[in-house]
Amino acid sequence: MAKKIGVEQSLTAVQQELEQMGYEVVPLKQEADANGCDCCVITGSDQNMMGVQDAAIQGSVINAHGMSAQEVCQMVEQKVNQQA
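About the criteria used
Residues numbered from 1 in each chain as written. Predicted model: local features only at pLDDT ≥ 70, side-chain atom pairs only at ≥ 80, totals over all residues. Heavy atoms only, no water. Buried < 20%, exposed > 50% of the residue type's maximum accessible area, 1.4 Å probe, protein only. Helix = DSSP H or I, 4+ residues; strand = E, 2+ residues; numbered from the N terminus. Right-handed = clockwise from strand over helix to strand, strands pointing away. Pairing = 2+ DSSP bridges. Core = buried A, V, L, I, M, F, W, Y, C linked by side-chain atoms within 4.5 Å. Contact = heavy atoms within 4.5 Å.

1. Notes on the pairing of strand 1 (residues 4-8)
Part 1 of the reasoning: Of all the 5 residues making up strand 1, 4 are buried; the element is thus mostly covered by neighbouring parts of the structure.
Part 2 of the reasoning: Chirality of the crossover, the property in question, places the unit of strand 1, helix 1 (residues 12-20) and strand 2 (residues 24-28) among those that are right-handed.
Part 3 of the reasoning: With 3 bridges joining them, strand 1 and strand 3 (residues 39-42) adopt parallel strand pairing. What sits directly across from Ile 5, in strand 3, is Cys 39.

2. A word on the nonpolar core
Part 1 of the reasoning: Core analysis: the largest hydrophobic core is formed by 16 residues, its most contacted members being Ile 5, Val 7, Val 14, Leu 18, Val 41 and Val 76.
Part 2 of the reasoning: Contributions of two or more residues to this core are made by strand 1, helix 1, strand 3 and helix 2 (69-83).
Part 3 of the reasoning: No other element matches the 5 residues that helix 2 contributes to this core.
Part 4 of the reasoning: Not counting residues within four places of it along the chain, the set of residues in contact with Leu 18 comprises Ile 5, Val 7, Tyr 23, Val 25, Cys 73 and Val 76.
Part 5 of the reasoning: If you look at the next biggest cluster of nonpolar residues, it comprises 5 residues, including Val 26, Leu 28, Ala 34 and Cys 37.

3. As for the side chain of Gln 15
Part 1 of the reasoning: Its place among the elements puts Gln 15 in helix 1.
Part 2 of the reasoning: The class of Gln 15 is buried, set by a relative accessible area of 17%.
Part 3 of the reasoning: If we ignore the near neighbours within four places in the chain, the residues touching Gln 15 are Val 7, Glu 8, Gln 9 and Val 25.

The following block contains the structure:
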């Protein structure tokens, strides 16, 4: 079964790269979309602005700020393989 990766909508290059690698990609539009994801990729632009840290998912969260799509995908691979 393919691992489910939540990806913020603006990260289209990351979405495409992950799909080519065989992952099931779920667009993150709201917090509930992260439910059931093995890993989530965010842009980091709205990360914890108010200082509240409520974890919506059990898996890893990767901040893609300043990273290429390939770098993000490598991090996803590492995180998903650590969970296995």
